[in-house]
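Structure at a glance
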Amino acid sequence: MKIIKELFTKYSDWLLVLSIGFIAVASLLSSGLPPTHDGEYHVLRFQQFYKVLSEGSLYPRWAPDFNNGFGIPLFNYVYPLPNYIASALHILGFSFIDSFKLNMILASLTGSFFFYLWTKSYWGKAGGLVSSVFYTFSPYHLVDIYVRGSVGEVWALGVFPILLWSYLNFHKKNSYIFFIISCLSLSLVILSHNILALLFFGFFIFYALFLILNSDNIKSGIIWLIVIIFTGFGISSPFWLPAILETNLVRGLQIFDPTKNFPEIYQLTIPSWGYGLSPSDLANPMSVQIGVANILSFILSLALIFFYKNKKTLLFFISSFIVVFFFMTSFSEPLWRQLPLLSYFQFPWRLLSLEILIASLLAGALPKAIGNKKFKVFITITIVTFAVATSLSYARGATYYQRNDDHYLTRSNFTDGTNSPGNVFNTRWLSEIPKKSNSKFEFIQGKGDLKVLDLRSVDYKLVINAEENSKLLVNTAFFPGWIYKMDGRKINVQNFRGKILIEVPKGSHFVEIKLTNTLIQNLSYLYLCISVVLLVFIRKRIGIIK
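Heads up: these notes are all about the structure in this document. Quick caveat, the model's predicted, so the values are computed rather than measured.

Bringing the sheet that holds strand β7 (residues 494-496) into the picture now. Taken in spatial order, the four strands line up as β1-β4-β8-β7 in an open sheet, and their pairing is antiparallel. Each having just a single partner strand, β1 (441-445) and β7 make up the two edges of the open sheet. The sheet shows a mean angle of 40° between the axes of neighbouring strands, direction not considered. Taken together, the four bridges between β1 and strand β4 (residues 470-477) define a ladder with antiparallel strand orientation. In the strand pairing of β4, Phe441 is matched with Val474.

Next up, the structure:
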């Protein structure tokens, strides 16, 4: 009992942060699935990812049942972290719907906890608590959970604070454990959401350079930063390397013009809430507000510059807030047209993910500036209550559909498409979704019979008895990496109108058709191995590391 009491006393601040953070996601424990923009997509993706994973593919890239059963290379391009977590939860007995909601809960609480640890380094426990609550209850964070259902973005918001916290500690302590956590957390950011990874990585570089340039050993700091980036990128390379270098193998992933999606300034500043598909949805516009509490924290931080000793830190985050705000408005349109990487973000209001992080950190500066202990407690409670009260009504779904997994997994309108708007994940050799076929295999030249021995998602085994030299059409979408072995001899498949075609000589043959790795994918695994070796064995190579 004494040990429990000591632990409770020692970690009471952690429990408080997690308890308040849980309020933001508690409604997800309600039965059913809240209607969101992406939620139903993810339920189906989880099922397809789990199916391929359970058949022995450690890194699934193919969704076999989409595209009218012809399959698509969906997971070659879609962030894998939420899918792995959903698969683990499903193994534990949770449905895919519950796995989606638990993903959101775990990601949000992860962000609450590590945002506290990071900001506590600047403002102490009271300031860290304020910052964590502001971050968790930022309206856009709740939009991602309850309106957009963007589980990848919620995970990116959850793991990015781990990177900021671990790198700050590595910078201060030169500790090997924080070096490891920095590398791993950078990889988790990339694996969480590709678009936010680019946004957060850009900010991380500026943040790291700010710390390094204000330190005594700039050269060593820059070298270590490069090592962290190299290793973090390497650990996550099986995702991002093929996703970038094999983009030309699918129909097209960039279908939005960012310059047509600037939010109005009133939409960023005036409180609003809606469940529509975009801020321009006249009937029920989606909220893209920064948040009343966050705006006030920014305004108050301007006044704190005159009282706070470490002005450089405040100025860095204040200027960052202003720059991000500028890029969300139409005043920045010329830059969106000239800088190619900006179009990758698709919607300028997506930068709210970074804006709420900066504003929430600034919120913690107020308790730090107060010397009187009792008054600090009063102010902290007041600010936390205000942040929760102004956003609590947003922390719920519009409703909850009382459905189970089968509702989605047995309906053709969910399963037969490509699980994406605009058919973007279909292979470039298929201009449209092909019609369903009654059979996976059919002779289009010659004749014979076949016996299917095993039919898995990315591995087919069969015996073919061809009465003459024949051609067999496999009703699976053609994609680099598909090969077949005939009587043990490896042969590349042919592309026949976007589908797989194999040639079968006269006679009886054992044939295996399977999806293997492309050259780019193999290179990504090599990069992963090099990074893991570097992570494990690097010690006293550069500077002093404990």
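Let us look at the side chain of Asn68. With respect to the helices and strands, Asn68 occurs in the loop between α3 (39-54) and α4 (81-91). Ignoring any residue separated from it by four or fewer positions in sequence, one finds Asn68 in contact with Asp416, Ile433, Pro434, Lys435 and Lys436.

Next up on the list: a nonpolar patch on the surface. The grouping of Leu209, Leu213, Ile218, Ile222 and Ile226 at the surface amounts to a nonpolar patch, some 410 Å² of accessible area in total. Elements supplying a minimum of two residues to the nonpolar patch: α9 (194-213) and α10 (218-235). Ranked by residues supplied to the nonpolar patch, first place goes to α10 with three residues. Mapped onto the elements of the fold, Leu213 is located in helix α9.

This model, assessed by the stated rule, comprises 50 aromatic pairs. Seen in terms of ring centroids, Phe115 and Tyr135 are 4.1 Å apart; in terms of plane orientation they differ by 10°. Their pairing is stacked. Accessibility classification places Phe115 together with Tyr135 in one group, the buried group. With a centroid separation of 5.1 Å and 85° between ring planes, the pair formed by Trp429 and Phe478 is classed as edge-to-face. Taken as a pair, Trp429 in the loop between α20 (412-415) and β1 and Phe478 in the loop between β4 and β5 (482-486) lie far apart in primary sequence, 49 residues in all. Residue classification places Trp429 among the partly exposed residues on the basis of a relative accessible area of 22%. According to the relative accessible area criterion, Phe478 is buried, its value standing at 14%. Every member of this aromatic cluster is reached through a ring pair, and the members are Phe115, Trp118, Tyr122, Trp123, Tyr135, Phe160, Phe200, Phe203, Tyr207, Phe210, Phe316 and Phe317.

What counts and what doesn't
Residues numbered from 1 in each chain as written. Predicted model: local features only at pLDDT ≥ 70, side-chain atom pairs only at ≥ 80, totals over all residues. Heavy atoms only, no water. Pairing = 2+ DSSP bridges. Helix = DSSP H or I, 4+ residues; strand = E, 2+ residues; numbered from the N terminus. Axes fitted to C-alpha atoms, helices over the stretch in contact; angles between N-to-C directions. Contact = heavy atoms within 4.5 Å. Patch = residues over 30% accessible without salt bridge, like charges linked within 9 Å, V, L, I, M, F, W, Y side chains within 5 Å. Areas by Shrake-Rupley, 256 points an atom, 1.4 Å probe, with all protein chains shown as cover. Salt bridge = Lys/Arg side-chain N within 4 Å of Asp/Glu carboxyl O. Phe/Tyr/Trp six-rings, centres within 6.5 Å; stacked < 30°, edge-to-face > 60°. Buried < 20%, exposed > 50% of the residue type's maximum accessible area, 1.4 Å probe, protein only.

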